[in-house]
Amino acid sequence: MEQFPKYNLLLTQIIKFLDLQPHPEGGFFKETYRSEGIINADNLGTNYQGERNYSTCIYFLLTSDTFSAFHRIHQDEIWHFYSGSPIHIHTISEDGIYTQTMLGSTIENGEIPQHVVAGGSWFGATVIRDADYALVGCTVAPGFDFLDFELASRDELINRFPQHNHIITRLTRS
């Protein structure tokens, strides 16, 4: 438990119970599913190196004192809301269009419980409420591999999309 001293007891219990580990983009995660079926490299696009599982799924936990840094993968990624604060998913398309989606369980407040981020888009996420957390799931098909993961460089992203300087600066680590 000393490993997570800045988190309250509930958050520490969730991290421990779900066996979550720190994620390179921020927050915590655990892979919960990796299909046995494999897609051969010949059947994937030129963006992929090697074979991929049909699908993968993770738990992903963010807190209000951190963020999911802008990153991208080749595949579509489906986000599913489970508990805690709603989150904003920030997306910049390959064409430079910025969108913000509110993922949560209170539909009457404009939150949606599931959202698809298109493959190739830059995206990150933030917890909306202060002093809170969000537990979500992320499903990727073809299955996730860190070979498909690219963490954004602040300077490169700002050079490409200067109109989004503020959100890029907020969701990158220099």
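Placed above this text is the structure.
Described in the following lines is the structure provided in the data block. (Residues numbered from 1 in each chain as written. Predicted model: local features only at pLDDT ≥ 70, side-chain atom pairs only at ≥ 80, totals over all residues. Heavy atoms only, no water.)

**Focus on the packing of aromatic side chains**
The relation between two aromatic rings is expressed through the spacing of the ring centres and the mutual angle of the planes. Convention followed: Stacked, edge-to-face and tilted are the three classes for Phe, Tyr and Trp ring pairs, Trp counted by its six-membered ring, which pair at centre distances within 6.5 Å; planes under 30 degrees apart are stacked, over 60 edge-to-face, the rest tilted. For helices the rule is a DSSP run of H or I covering at least 4 residues; for strands it is a run of E covering at least 2, with both sets numbered from the N terminus onward. The rule is simple: take the accessible area with a 1.4 Å probe, protein chains only, and divide by the maximum for that residue type; under 20% is buried, over 50% is exposed, in between is partly exposed. Cation placement over rings: the criterion is NZ of Lys or CZ of Arg within 6 Å of the ring centroid and within 35° of the ring normal.
Tallying each qualifying case throughout the model produces six aromatic pairs. Taking 6.3 Å as the distance between ring centres and 80° as the angle between the ring planes, the aromatic pair formed by W79 and F123 counts as edge-to-face. Note that W79 is positioned in strand β7 (residues 76–84) and F123 in strand β11 (residues 122–127), a separation of 44 residues in sequence. Classification of W79 as buried rests on a relative accessible area of 0%. Note on F146 and F149: the rings are 5.6 Å apart at their centroids and 70° apart in plane angle, and the pair reads as edge-to-face. Exposure remark for F146: the relative accessible area of 42% places this residue in the partly exposed category. Each member of the aromatic cluster is reached from another via a ring pair, and the members are F60, W79 and F123. Note that R173 overlies the ring of F67, its terminal NZ or CZ placed 4.5 Å from the centroid.

**A word on the pattern of salt bridges**
Note that side chains of opposite charge can pair when their charged atoms are close. The following threshold applies: Whenever a carboxyl oxygen of Asp or Glu lies within 4 Å of a side-chain nitrogen of Lys or Arg, that contact is scored as a salt bridge.
The full count for this structure, using the stated rule, is five salt bridges. The closest approach of N and O atoms between E31 and R34, which form a salt bridge, is 2.7 Å. Look at R34 and you get partly exposed, because its relative accessible area is 35%.

**Describing helix α1 (residues 9–17)**
Applied cut-off: Throughout, the arc means that of the directions going from the helix axis to the C-beta atoms. Residue contacts are defined here by distance: any two heavy atoms, one from each residue, within 4.5 Å place the two residues in contact.
When α1 is considered as a whole, its buried residues turn out to be L11, T12, I14 and I15. For α1, the buried positions fall inside an angular range of 160° around the axis, keeping them on one side. Turned more than 90 degrees from where α1 packs its buried face, L9, K16 and F17 sit exposed. Elements that come into contact with the buried residues of α1 comprise β2 (28–34), β5 (56–63) and β12 (133–141). Phi for D19, located one or two positions after α1, is positive at around 55°.

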